[in-house]
Amino acid sequence: MDLTDVWNRVLGGQPSPQWELVLIAGAIALIGVLPWPVWRFTRNLVTIAHEGGHALAAVLTGRRLTGIQLHSDTSGLTLTRGRPRGPGMVLTAAAGYVTPSLLGLGVAALLGAGKITLLLWIAIVLLAAMLVMIRNAFGVLSVLVTGGIVFAVSWYASTDIQAVFGYVIAWFLLLGGVRPVFELQRKRWRGRAPDSDADQLAKITGVAGGLWVTLFGLVSIASLVIGADLLLPH
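Note that this is a predicted model, so its numbers are computed, not measured. Numbers given for residues are sequential positions, taken from 1 along each chain in its written order. Given that this is a predicted model, residues contribute local features only at a pLDDT of at least 70 and side-chain atom pairs are listed and counted only at 80 or more, while totals for whole chains, interfaces and linings are drawn from all residues. Hydrogens and water molecules were not included; the side-chain quantities draw on all heavy atoms of the structure.

1. Details of the overall build of the protein
Formally: The way it works is that DSSP assigns letters per residue, a run of H or I at least four long becomes a helix, a run of E at least two long becomes a strand, and they are numbered from the N terminus. Throughout, radius of gyration means the C-alpha value; the globule benchmark is 2.2 Å times the number of residues raised to the power 0.38. Burial classes follow relative accessibility: with a 1.4 Å probe on protein chains only, a residue under 20% of its type's maximum area counts as buried, one over 50% as exposed, and anything between as partly exposed. Note on definitions: a residue-residue contact is assigned when non-hydrogen atoms from the two residues lie within 4.5 Å. The accessible surface values rely on the Shrake-Rupley method and a 1.4 Å probe; as for residues, cover is taken only from the protein chains in view. All tallies of charge rest on Lys and Arg as positive and Asp and Glu as negative; His and the ends of each chain are not included. Think of each charge as sitting on NZ of Lys, CZ of Arg, CG of Asp or CD of Glu.
Each helix and strand in the protein was counted, giving 10 helices and two strands. Sequence-ordered secondary structure for the protein, helices as α and strands as β, is α-α-α-β-β-α-α-α-α-α-α-α. Relative to the compact-globule value of 17 Å for 234 residues, the protein shows a C-alpha radius of gyration of 18 Å, a close match. Dimensions of the protein, computed from the C-alpha atoms along their principal axes, are close to 55 × 35 × 30 Å. When burial is assessed residue by residue, the protein has 46% of its 234 residues classed as buried. Here the contacts in the protein between residues at least 6 apart in sequence split such that 73% fall between residues at least 24 apart. For the protein, the accessible surface area stands at approximately 12000 Å², while carbon and sulfur atoms represent 70% of it. Within the protein, the 11 negative side-chain charges are centred at a point lying 13 Å from the centre of the 17 positive side-chain charges.

Following this line, the structure appears as structure tokens:
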């Protein structure tokens, strides 16, 4: 297979799967989000998206990105340098909780356009870019395993398997983007998240942390509703 064939394979359109497969993909994603024994592992994927959102926002707003850490307890940390206040810091801090949902919405849009293979390769490129900035062993392992699975599916799997995999990713990001927002507020109620993104934003902007959590929730729920409309057959 030459470079032209690879390019055509990546950019070419693929037919949407049957509606049964779309619903099966949604059910698989729910299994990955709802039961706590499963969620404590799959949440790492949401953490990758969360910290990637911080990192991308930092780069786009001119902050210096110095490193990303992903931990086995599904927490993460993105380190940047720049002004401690101002629009760049606000956007960087606010990007984490909304990124998984917005990514899910973008994935749903690509699937709706039939760009399944392109979606998988975009994911590989983003993971590779993130890998460069990972600063701990567990983080490197998490990104490598995730990227390896996505590459294997994009290169070796049949069109139907790629489609189901893509729909599982979309549903998981849309559903998985909602749960951490509620978990965040529950921790805040219990006084267990004094340095959360919402509370850091409250210190920077003077806007109450609860309002930032509400904003995160509105974005994640709106993304789920719109994304579901894009994914479900009409």
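2. So, the nonpolar core
Applicable threshold: Note on terminology: a nonpolar core comprises buried Ala, Val, Leu, Ile, Met, Phe, Trp, Tyr and Cys residues joined through side-chain atoms within 4.5 Å.
V107, L111, Y167, W171, F172 and L231 are the most contacted members of the largest nonpolar core, which has 22 residues in total. Those elements that place two or more of their residues in this core are helix 2 (19–33), helix 3 (36–60), helix 4 (87–112), helix 5 (116–131), helix 7 (159–176) and helix 10 (209–231). Setting aside anything within four residues of it in sequence, one finds V107 in contact with L119, G166, A170 and L173. Formed by 15 residues, the second largest nonpolar core is a distinct cluster that contains Y97, V181, L184 and L201.

3. A closer look at the UniProt feature "transmembrane region" (unreviewed entry) in the protein
The criterion, for reference: UniProt positions are given in the numbering used here, feature names are shortened, and annotations may be inferred rather than shown by experiment.
Residues annotated by UniProt as "transmembrane region" (unreviewed entry) correspond here to residues 20–39, 89–110, 116–134, 141–158, 164–182 and 211–232. Structurally, residues 89–110 is divided into 100% helix and 0% strand, and its ends, taken at the C-alpha atoms, are 30 Å apart. The annotated region residues 164–182 carries 89% helix and 0% strand content, and the separation between its end C-alpha atoms amounts to 28 Å.

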